[in-house]
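A closer look at the structure
This is what each chain is made of:
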Amino acid sequence: MPARPFRLDVIKLVLWTIGGGLILFAVWGSILTLQQGRFTPEAWQSFVIAGIALGSVYALIALGYTLVYGILFMINFAHGEVFMWGAFSAWFTAAGLSEQGLLETNPVLSFFLVLATAMIVSMVIAILLERIAYRPLRGAPRLVPLITAIGASLVLQYTARGFFGSGVRAYPDFGLFAGVVDLGFLRLGLDELVVILAAVGLMLGLYFFINRTRTGRAMRAVSEDKDVAAMMGINVDRIIVTTFAIGGVLAGSAAILYTMLFNQVHFFMGFLPGIKAFTAAVLGGIGNIIGAAIGGLILGILEQVGPNLFLTGYNIPSPNQLQDVIAFSVLVLVLIFRPHGILGRKENA
Amino acid sequence: MQKYMRWSAILVVLMLVLAACQDGGGDGSEEPGESTAAASEPAESMGGGSAADCDADEFGCIEIAEGDPLVIGTALVITGANESLGLDSQYGAEVAKQLRPEIAGHTVEFNHQDDGCSTEGGTAAARALLSEENIAGVIGTSCSSAGIPAAEILSAEGILLVSPSNTAPSLTAPETHQDFYARTAHNDSIQGAAMAEFVCDVLGLTSAATIDDGSAYADQLAAVFAAEFQEQCGGTITAEEAISVGDTDFSGVLGNIAADAPEFLYFPIFVAEGALITQQAKDTAGLEDTVLGGADGYFTPDWLAAAGGDAEGHYLSGPDLEFGGDFYEAEFLPAYLEFSGEDTTISVFHAHAFDAYNLLAETIEAVAFTDGGTTYIPRTALKEAFFSTSGYEGLTGTLTCTETGDCADAKISVSQVTDGAFVKIWPEE
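Residues numbered from 1 in each chain as written. Chains lettered and ligands numbered in written order. Predicted model: local features only at pLDDT ≥ 70, side-chain atom pairs only at ≥ 80, totals over all residues.

Glancing now at the overall build of chain A. A count of helical and extended segments in chain A gives 13 helices and four strands. Against the globule reference of 20 Å for 349 residues, chain A gives a C-alpha radius of gyration of 22 Å, in line with a compact fold. Projected onto its principal axes, the C-alpha coordinates of chain A cover approximately 75 × 60 × 40 Å. Relative to its full complement of 349 residues, chain A shows a buried share of 47%. The contacts of chain A with a sequence gap of at least 6 include a subset with a gap of at least 24, amounting to 78%. (Helix = DSSP H or I, 4+ residues; strand = E, 2+ residues; numbered from the N terminus. Rg over C-alpha atoms; globule rule 2.2 N^0.38 Å. Buried ≥ 20, exposed ≤ 12 C-beta atoms within 10 Å, placed from the backbone. Contact = placed C-beta atoms within 7 Å.)

This part is about the sheet that holds strand β5 (residues 106-114) of chain B. Residues and elements named next belong to chain B. Taking strand neighbours across the sheet as the criterion, the six strands line up as β4-β5-β3-β6-β7-β8 in an open arrangement whose pairing is mixed. The strands lining the two open edges of the sheet, one partner per strand, are β4 (102-103) and β8 (181-183). In the packing of helix α3 (residues 83-99) onto the sheet, the strands contacted are β3 (70-76), β5 and β6 (137-140), and the crossing angle to β3 comes to about 160°. On the sheet, helix α4 (residues 119-130) packs against β3, β5 and β6 and is oriented at approximately 150° with respect to β5. (Pairing = 2+ DSSP bridges. Axes fitted to C-alpha atoms, helices over the stretch in contact; angles between N-to-C directions.)

What follows deals with the sheet that holds strand β10 (residues 236-242) of chain B. Residue and element names in this part refer to chain B. The mixed open sheet is built from seven strands, whose spatial order is β10-β9-β11-β12-β13-β18-β19. At either end of the open sheet lies a strand with only one pairing partner, and these are β10 and β19 (421-426). Averaged over neighbouring strand pairs, the angle between their axes works out to 25° when direction is ignored. In the packing of helix α7 (residues 216-233) onto the sheet, the strands contacted are β9 (207-212), β10 and β11 (264-266), and the crossing angle to β9 comes to about 170°. Along the sheet, helix α8 (residues 251-258) contacts β9, β10 and β11; its crossing angle with β10, the most-contacted strand, is approximately 165°.

It is worth spelling out the interface of chain B and chain A at this point. Across the contact, 31 residues belong to chain B and 26 residues belong to chain A. Elements with a contribution of two residues or more to the side of chain B that touches chain A: β10, α8, α9 (271-283) and α10 (301-307) of chain B. Residues belonging to the side of chain B that touches chain A are distributed by class as follows: 13 nonpolar, 13 polar and five charged. (Nonpolar A, V, L, I, M, F, W, Y, C, P; charged D, E, K, R; others polar.)

Residue and element names in this part refer to chain B. Chain-level statistics for chain B give a pLDDT mean of 87 and a share of 88% at 70 or above. This stretch, residues 21-45, has a pLDDT under 50; its non-local contacts, to residues over four places away or in other chains, come to 15 contacts. Across the interface, the model reports ipTM at 0.76; the global pTM reads 0.81. (pLDDT = per-residue confidence, 0-100.)

Turning our eyes to something else, we now look at unusual backbone geometry. With an omega dihedral of 0°, the bond running from Gly140(B) to Thr141(B) counts as a cis peptide bond. Here Thr141(B) lies in the loop between β6 and α5 (144-156). For the bond running from Trp426(B) to Pro427(B), omega is -5°, close enough to zero to count as cis. Relative to the helices and strands, Pro427(B) resides in the segment after β19. Although it is not a glycine, Phe73(A) sits at a positive phi angle of roughly 55°. Considering the arrangement of structural elements, one finds Phe73(A) in the loop between α2 (41-72) and α3 (79-100). Judged by the 15 C-beta atoms lying within 10 Å of it, Phe73(A) is partly exposed. Of note in this structure, Asp419(B) is not a glycine but carries a positive phi near 50°. On the secondary structure map, Asp419(B) appears in the loop between β18 (412-418) and β19. Asp419(B) sits in the exposed class, given 6 other C-beta atoms within 10 Å.

If you want it as structure tokens, here you go:
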């Protein structure tokens, strides 16, 4: 039996200590909180549901990051702005419809018009991004498209600021999603229910598209090996454009779901959800589609439940101000124990 | 030989450069000489000062050459979610300038900067204004968080900063007051107490929770309210929560507050988060019947539009704008609306900015003197004149400054959102 040399890896030891400490802190905090009995089961339920609703929006945006990463091994940092442009353009449609009165007489049709605007605009922006900013750099070192992405993100943000100003705008009320749904065992806002169902529907659709269609198969092939895929007669450029388009459509729909929950649009609104969604994608294992969905949900739930569960017990004042700290601590934890994310694969490139 | 030539050429160039510098230095050193020569001529003075005052003044004089404009800086939040707050003040100052286009014989020019409603923005705006030499004074900032660093930076250079809308108590508290900082807006130790009185006596509620956004304004106002609410009617504060600027989802913090089911929820924050909390509180189980209230940070139609129907019934405190007299309705408002291009005023501090401009103009003229065509304004004397203002009849009332720069004639009123508009309900006339 060959003796395995035992080596103490100092860095790993430190990381595991930090990780273990964080987990202990969270577990002990949760015990203290639950002992306090401050929150009713209904309150926990509403935190979780709000978290799932927010998480599904993150997941939809995260899919855009992950799809592009899966194929090009680049992080499209301008994806948050694709989301913002969808929300903004749809605001103009919604405001216009509201002025014409169609919003009141036919809210369902108006809603789908607004949704279509967001999806189409986001898709067009994503395709243009690929064509103008990324394709010319396809063969360049990895850092180059990354920096271009950050630049593109700034250009998109400040173009929106130039066109639409820096104020906050509120969506007109569709009057469709007000109210509470009582399922007996579960009470949740109708808007939350619609957001969750829509997000699940879109993700299932994407899953079937990737796994059951010719284009989907081609996307998987390109993701595995671009050169071999090209030899097999796959038009790699077209597949890449398709990937960006799908990411854009998902971001556009996420934008509408987000505004259903939060109702406000402004030129900087893409930044934070973009960062959060990127975190979700990394959390789930970047490049992995189911991973992005899981990562989004975990992040959303942790943001809502985490501060109240982990910190209330320690009597920390204003725990909810620390929700981002919790979200990113979880990212750190996952990266310590599973450097490739929850469902990630080891990179071969 | 060639090498030697090259070196000597470089040497000649260097000498020429040095000589040029010498010339420049020479010009500079002559200047004080010139001005002392001018000083010996009889000084034509408005405030009765002389060049000796400038030397005696710790910060020297603001000097404005004949025919040059007198520049007043503004540092207000003129972009972003809270732009209505800053633009409102800016229009107020513009109206004042329109009615009084000259100060001490010089046309007034504004240098508008954006305070961003943040510490960083206040720092940047103050630094940008420093680059304007001989700035006569600054109207700003809009937000207290911006006011703290701006007051520090400008006071260090002896530049007067007069805020039309900073209300955080710490800005004029003796321990933290910066020498050249004053304000025409009320102090929140008054606003917080007024709101507590309203909630205690008029609404008759006994428990309340507060949310602040970590800004100097919200943090201090929420604390004043909490203390006064406990003191005035023995009310219970169930939670003092905080959120971060830029957050959008508040179900966690609202759920936490709902656990104690307070009767009143007070969140004196700003427009974007204020609107979101207004909406989300209505959807939070346990807060459906809680009365909501805020303050002048989001007392603007922008907030009404963003909060939509959920704003109905909301209570907001702010400065009382029923000034009495005809001037406001007949002259100020039409001019304001022309500048803004809106149908109504967009926030509640325009009159305070108007007063800030005029008070600045009055005191500049009181201390300025001209000498050989140049107008001199000794900085410390200007500050002292400003701080000794007493019984000045302004638009917002009778202004008297304290030693730490509180100049407002503070009158607080509470309005309620009724049918999508702000309706003043307290104090009753």
